[in-house]
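Analysis of the macromolecular model
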Amino acid sequence: MPKTVLSAVLLVLACLLVPLGALSTWAKYEIGDRDSYVATMAPLASDDAVRTAVAEEVTGAVMKEIDVGPLQGAVEAFVGDAVRSFTETAAYRTAWDAANRAAYDAVRRAWGDDSDGAVTIDLAPITEQIKRQLADDGVPFASKIPVKHTEVTVLRSSDDLGWLRRVFGVLRSAGLWLPVAAVVLAVAGVLLAASRRRAVVATALGGGLAAGVLLVGVAVGRGVMLDDLPAEVSRGAAGAVYDALTASLWAAAWVLVGVGLVVALGAWLSPRSRSSPRP
């Protein structure tokens, strides 16, 4: 195989590995690490849509265990206000982190290929805190409320994205090997090129374009996921969770686009160097 053809093949492969490398690194070190996941989800404790979804689920779960006859409506309003007030406290944020540690395995399964794709958060730690607060406030029978596993669905993968979830599982296993392979292929391709300057420009633009495709994929995935949500799942909360989970991936893709453009421009404006000898 002529060196020029081999160079072109290596450079194309390197460009194709750019978005895959970003995905594999994100999958391994963002979704694949419990502490990173909990830190990513922690700010959502203050998100209005997520707080509303949590408050509705906890209030509904608590009211199923309370029967105060004609006062049911008044007590439900009181409980709802108490839950919403609790979501503004430091204790709620602590309980939220605890719930997300428990939800970690569900996220791993949802982004892998061995579940129905639902990401649920068990609100039992939050319900326990609410039970104590209601008992302190003198709500009838509050101390006897059983703390059951109350799950709120915050993310559900579409069946249309099943193939993407399977690919994700493979990428998660690859980790840093894919970005390393992309760099190695790019360097080898440039060294074999008849014109290394043009090879660098083409590779940088190709890598930036591939990263741009990744950006489009993340945006399309969000739309498909939200459109496929069942009625009982909060679109606002699901969107906030999706955005939080993909924020670092989104940022990495934009960095790759920017780096590709800068490198291409720099190589194009650099003084021409003597081409490598043709075979």
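Figured I'd write up the structure that's included with this text. These numbers were taken from a predicted model, which means no experiment stands behind them.

1. Thoughts on the packing of helix α1 (residues 3-31) against helix α8 (residues 177-192)
- Their axes nearest at 7 Å, the elements α1 and α8 cross at an angle of 160°. Of the possible angle classes, the one that applies to α1 and α8 is roughly antiparallel. Relative to α8, α1 is oriented so that their crossing is left-handed. In contact with K3, L6, S7, L10, L11, L13, A14, L17, L20, G21, S24 and T25 of α1, α8 contributes L178, P179, A181, A182, L185, A186, A188, G189, V190 and L192.
- Looking at the contact of α1 with α8, its residues break down into 16 nonpolar, five polar and one charged.

2. Notes on the pattern of salt bridges
- Going through the model one piece at a time under the given rule, you end up with five salt bridges.
- The partner of D227 in a salt bridge is R235, with the nearest N and O atoms 3.9 Å apart.
- On the basis of relative accessibility, which here comes to 47%, the residue R235 falls in the partly exposed class.

3. Quick word on a nonpolar patch on the surface
- Taken together, the side chains of V5, V9, V12, L13 and L16 present a nonpolar region at the surface, about 390 Å² in accessible area.
- With respect to the secondary-structure elements, V5 resides in helix α1.
- For V5, a relative accessible area of 40% corresponds to the partly exposed category.

4. Points about helix α4 (residues 72-86)
- For α4, which comprises 15 residues, the first-to-last C-alpha distance of 21 Å matches the rise-based estimate of 21 Å (1.5 Å per residue) to within 8%.
- The set of residues buried in α4 consists of V75, V79, G80, A82, V83 and F86. Taken end-on, α4 shows its buried residues confined to a sector of 165°, consistent with a single buried face.

5. A few points about the environment of V263
- By the secondary structure assignment, V263 is in helix α10 (residues 235-269).
- Looking at V263, the relative accessible area reads 39%, which means it is partly exposed.
- V263 sits 60 residues away from T203 along the chain, and the two C-alpha atoms are 9.3 Å apart.
- If near-sequence neighbours (up to four positions away) are discounted, V263 is found in contact with V200 and A204.

6. Some words on the packing of helix α9 (residues 196-227) against α10
- Where α9 contacts α10, the axes come no closer than 8 Å and their chain directions differ by 170°. Here α10 runs roughly antiparallel to α9, going by the angle between their axes. Once α9 is placed against α10, the crossing between them reads as left-handed.
- For the contact of α9 with α10, the per-class residue count stands at 24 nonpolar, six polar and five charged.

7. Considerations on the nonpolar core
- Within the largest apolar cluster, 65 residues are counted, with the highest numbers of intra-cluster contacts made by W96 and I126.
- In terms of residues, this core owes the most to one element, α10, which gives 10 residues.
- Contact partners of I126, with chain neighbours within four places excluded, come to V54, V58, F86, Y92, A95 and W96.

8. Remarks on helix α6 (residues 124-136)
- Here α6 contains 13 residues, and its C-alpha end-to-end distance of 18 Å stays within 8% of the 18 Å for a straight helix at 1.5 Å per residue.
- Restricting attention to buried positions, one finds in α6 the residues A124, I126, T127, I130, K131 and L134. Projection of α6 onto a plane perpendicular to its axis shows the buried side chains occupying an angular sector of 150°, all on one side.
- Of the residues flanking the end of α6, it is G138, one or two places downstream, whose phi is positive at about 80°.

9. Digging into the environment of W26
- Here W26 shows up in helix α1.
- On the accessibility criterion, W26 (5% relative accessible area) is buried.
- Considered as a pair, W26 and W250 are 224 residues apart in the sequence and their alpha carbons are 10.0 Å apart.

Parameters and conventions
- Residue indices follow the written sequence of each chain, beginning from 1 at its first position.
- Local features in this predicted model are restricted to residues of pLDDT 70 or higher, and side-chain atom pairs are both shown and tallied only at a pLDDT of 80 or more, whereas totals for entire chains, interfaces and linings draw on every residue.
- By convention in this description, side-chain values take in all heavy atoms of the structure and omit both hydrogens and water.
- Lines are fitted to the C-alpha atoms to define the axes, a helix being fitted only along its stretch in contact, and any angle between axes, read from their N-to-C directions, falls within 0 to 180 degrees.
- A helix here means a DSSP run of H or I that spans at least four residues, while a strand means a run of E at least two residues long, and both kinds are numbered starting from the N terminus.
- By the definition adopted for this analysis, an angle is roughly parallel if under 35 degrees, roughly antiparallel if over 145, roughly perpendicular if from 65 to 115, and oblique otherwise.
- By definition, turning the near helix anticlockwise from the far helix through less than a right angle yields a left-handed crossing, and turning it clockwise yields a right-handed one.
- The contact criterion used throughout is that any non-hydrogen atoms of two residues lie within 4.5 Å.
- Charged residues are taken to be Asp, Glu, Lys and Arg, nonpolar residues to be Ala, Val, Leu, Ile, Met, Phe, Trp, Tyr, Cys and Pro, and polar residues to be all remaining types, Gly included.
- By definition, a salt bridge exists where a carboxyl oxygen of Asp or Glu is found within 4 Å of a side-chain nitrogen of Lys or Arg.
- Burial classes: relative accessible area under 20% of the type maximum marks a residue as buried, over 50% as exposed, and values in between as partly exposed (1.4 Å probe, protein chains only).
- The patches described consist of residues with a relative accessible area above 30% and no salt bridge, like charges being joined within 9 Å and nonpolar side chains (Val, Leu, Ile, Met, Phe, Trp, Tyr) within 5 Å.
- In this description, accessible areas are obtained by the Shrake-Rupley approach with a 1.4 Å probe, and a residue is regarded as covered only by the protein chains that are shown.
- Multiply 1.5 Å by the residue count of a helix minus one, and that product is the helix's expected span.
- Along the arc lie the directions from the helix axis toward the C-beta atoms.
- Throughout, nonpolar core names a set of buried Ala, Val, Leu, Ile, Met, Phe, Trp, Tyr and Cys residues whose side chains join them through atoms within 4.5 Å.

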